[in-house]
Amino acid sequence: IYSQRIFELLKSWDDKPEVTLDLENLYKILDVPPTHKKDFAQFRLRVLEKAYKDIHKHTSLKYEWEQIKKGRAVCGIKF
């Protein structure tokens, strides 16, 4: 589910070289349950990395993502 939604988001941003979203906006866009919001490591594994593998495996779209940190906490994602 998340892979498809992230793919749709990335395709809608085709004209932009990079897009940065804070975590709260990304959670809202993807409709992430509260269990994944509490632990970024779980969100990264089950949503971001899974979607990355699925999209690269099944489509021709190639992208990179990185965490944006404020101190030690992750506050956003850059695609």
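Higher on the page you've got the structure.
Notes on the structure in this doc start here. (Residues numbered from 1 in each chain as written. Predicted model: local features only at pLDDT ≥ 70, side-chain atom pairs only at ≥ 80, totals over all residues. Heavy atoms only, no water.)

## A short note on the pairing of strand β2 (residues 66-70)
Relative to strand β3 (residues 73-78), β2 is paired through five bridges, and the arrangement is antiparallel. Paired with E66 across the strands is K78, a residue of β3. Count of turn residues in the β2/β3 antiparallel hairpin: two residues, of which G71 carries a positive phi of about 70 degrees. (Pairing = 2+ DSSP bridges. Helix = DSSP H or I, 4+ residues; strand = E, 2+ residues; numbered from the N terminus.)

## Remarks on unusual backbone geometry
The phi dihedral of D31 falls on the positive side, at around 55 degrees, and the residue is not glycine. Inspection of the secondary structure assignment puts D31 in the loop between α2 (23-30) and α3 (34-38).

## Here we look at the pairing of β3
Looking at chain direction, strand β1 (residues 20-22) and β3 are connected through three bridges and run antiparallel. Each residue of the ladder has a partner; that of L21, found in β3, is I77.

## Digging into helix α4 (residues 40-58)
When the terminal C-alpha atoms of α4 are compared, their 25 Å separation across 19 residues agrees well with the 27 Å that a helix rising 1.5 Å per residue should span. The sharpest bend along α4 measures roughly 25 degrees and falls at K50. By the burial criterion, the buried members of α4 are F40, F43, V47, L48, A51 and I55. On its buried side, α4 packs onto α1 (2-12), α2, α3, β2 and β3. (Expected span 1.5 Å × (residues − 1). Bend = angle between axes of the 7 residues up to and from the residue. Buried < 20%, exposed > 50% of the residue type's maximum accessible area, 1.4 Å probe, protein only. Contact = heavy atoms within 4.5 Å.)

## Digging into the nonpolar core
I6, L30, F43, L48 and F79 are the most contacted members of the largest nonpolar core, which totals 24 residues. Of all the secondary-structure elements, those providing two or more residues to this core are α1, α2, α4 and β3. Among the elements that line this core, the one with the most residues is α4, at six residues. Once residues lying within four places of it in the same chain are set aside, the contact partners of F79 are L10, W13, P17, E18, V19, L21, L26, L48, Y63, E64 and W65. (Core = buried A, V, L, I, M, F, W, Y, C linked by side-chain atoms within 4.5 Å.)

## Quick look at the sheet that holds β3
Sheet architecture is open: three strands sit in the order β1-β3-β2, paired in antiparallel fashion. Every other strand in the sheet has two partners, leaving β1 and β2 as the edge strands with one partner each. The sheet shows a mean angle of 35 degrees between the axes of neighbouring strands, taken without regard to direction. (Axes fitted to C-alpha atoms, helices over the stretch in contact; angles between N-to-C directions.)

## Things to note about the pattern of salt bridges
Evaluated as defined, the whole model comprises five salt bridges. D54 serves as the salt-bridge partner of K50, at 2.9 Å between the closest nitrogen and oxygen. Placement of the pair is K50 and D54 together in helix α4, with a separation of four residues, close to one helical turn. The class of K50 is partly exposed, set by a relative accessible area of 44%. (Salt bridge = Lys/Arg side-chain N within 4 Å of Asp/Glu carboxyl O.)

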